[in-house]
Amino acid sequence: MKPPITGRTLVAGVAGQPVAHSLSPLIHNAWLAAAGIDGVYVAFAPDADRFEVFVDGLRGGAIRGLNVTIPFKEVALSIADVVSPRAQKAAAANLLTFETDGRVTADNTDGAGLLMAMAIQAPGFDPKAGPVAVLGAGGAARGAVAALLTAGAPQVRIVNRTLAKAEAVAGAVGLGAVACPLDAAGRAFDGVTAVINATSAGLTGQPALDVPLEATPETAVVMDMVYKPLETPLLARARQLGRRTVDGLEMLIRQAAPSFEAFYGATPPADVDVRGMALDALER
Ligand code: ATR
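The model shown is predicted, which means the values in this text are computed figures rather than measured ones.

## Comments concerning the domain arrangement of the protein
- Along its sequence, the protein is carved into domain 1 (10-108 + 252-283) and domain 2 (111-246).
- Taking only C-alpha atoms into account, the centre of domain 1 sits 25 Å from that of domain 2.
- Each side of the interface is counted separately: domain 1 has 14 residues, and domain 2 has 17 residues.
- It is K89, R254 and L282 in domain 1 that bury the most area against domain 2; as a group they hold 47% of the surface buried on that side.
- Along the contact surface separating domain 1 from domain 2 lie 0 salt bridges.
- If you look at where domain 1 meets domain 2, you find 1 residue pair in polar contact (both at pLDDT 80 or more).

## Some thoughts on the sheet that holds strand β2 (residues 39-44)
- Ordered in space as β2-β1-β3-β5-β6-β4, the 6 strands form an open sheet in which the pairing is mixed. Looking at which strands have only one partner, the edges of the open sheet turn out to be β2 and β4 (82-83).
- Summarising the sheet, strand β5 (residues 95-98) and strand β6 (residues 104-107) pair through 4 bridges and their orientation is antiparallel. Within β6, the position partnered with L96 by the bridge is A106.
- Most of the contacts of helix α1 (residues 24-35) go to β2, to which it runs at about 175 degrees, and overall it touches β1 (10-15), β2 and β3 (65-68).

## Observations regarding the pairing of strand β11 (residues 221-224)
- Both faces of β11 are covered, namely the face carrying V221 and M223 and the face carrying V222 and D224.
- Two strands pair when backbone bridges link them, and β11 and strand β12 (residues 244-246) are joined in this way by 3 bridges, in the parallel orientation. If you follow M223 over to β12, its bridge partner there is V246.

Rules behind the numbers
Residues numbered from 1 in each chain as written. Predicted model: local features only at pLDDT ≥ 70, side-chain atom pairs only at ≥ 80, totals over all residues. Heavy atoms only, no water. Domains from an automatic or database assignment. Contact = heavy atoms within 4.5 Å. Buried area = accessible area lost by both parts, 1.4 Å probe. Salt bridge = Lys/Arg side-chain N within 4 Å of Asp/Glu carboxyl O. Polar contact = N/O pair within 3.5 Å; in protein donor to acceptor, adjacent residues only side chain to side chain. Pairing = 2+ DSSP bridges. Helix = DSSP H or I, 4+ residues; strand = E, 2+ residues; numbered from the N terminus. Axes fitted to C-alpha atoms, helices over the stretch in contact; angles between N-to-C directions. Buried < 20%, exposed > 50% of the residue type's maximum accessible area, 1.4 Å probe, protein only.

See below:
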């Protein structure tokens, strides 16, 4: 049975456009129920060009906070009054919290979620141990590049179809990032400790990336931010080659944990199988 909404119910949510497919309500509400917290987590789909007005309506603490997803991560950063260093470096926010004085704080937990997913599914992966290749140069890629450099990766190779975009990201994140064209991915994979797909290629209904994973060292970890399907063509190929793999669902769950703490002031209970629940929802 659902717990009753009371006068003390803490409200948080996710904003995206579209948002109906988001797994965040399922994850957060499962944690809330298991932790016995009087809280609720809902989804909002503001008009694509009215995000700022939407957020202004929440200033002052109407709700505790908001996760932000496509296409609002960049605008979320730009309208915040306080920005965390990691959100600044990622040039995007996936978490807004509302102060009672009207201020909005922006943070980004995607990078932490990525590193946590790597630690869980590829134990022993050390970002400091060697170069990492990131496929893509959009917002998701920039967040991954920023997190990897901050975690001590000696070099991050940004491999993108449009080289100019990779160069722009490399220039923005600073020392340690280099741009490589997608058609020379084989060279970019030389000696890497990990390959991370931060493009939407491989998503159900979209063509997969055709990159020479065999050019990676046998010890390399292959990670895909796409989680629908859970085993993308890239991860299937990596597994065929005997490479360790990390899936995007783990990253989604791990980026949600620090958001939950920011909204409800508690760590998510460990004994809830949110991964199993999310997998069921993905199959439906
Ligand atoms: P997001 O903010 O989610 O990262 P984005 O800004 O639209 O999304 O970026 C998408 C990234 O995926 C881009 O790097 C894009 O490559 P281009 O810069 O060349 O457009 C990459 N991408 C998407 N589909 C791709 C495909 N089929 N093959 C190669 N790269 C692809």
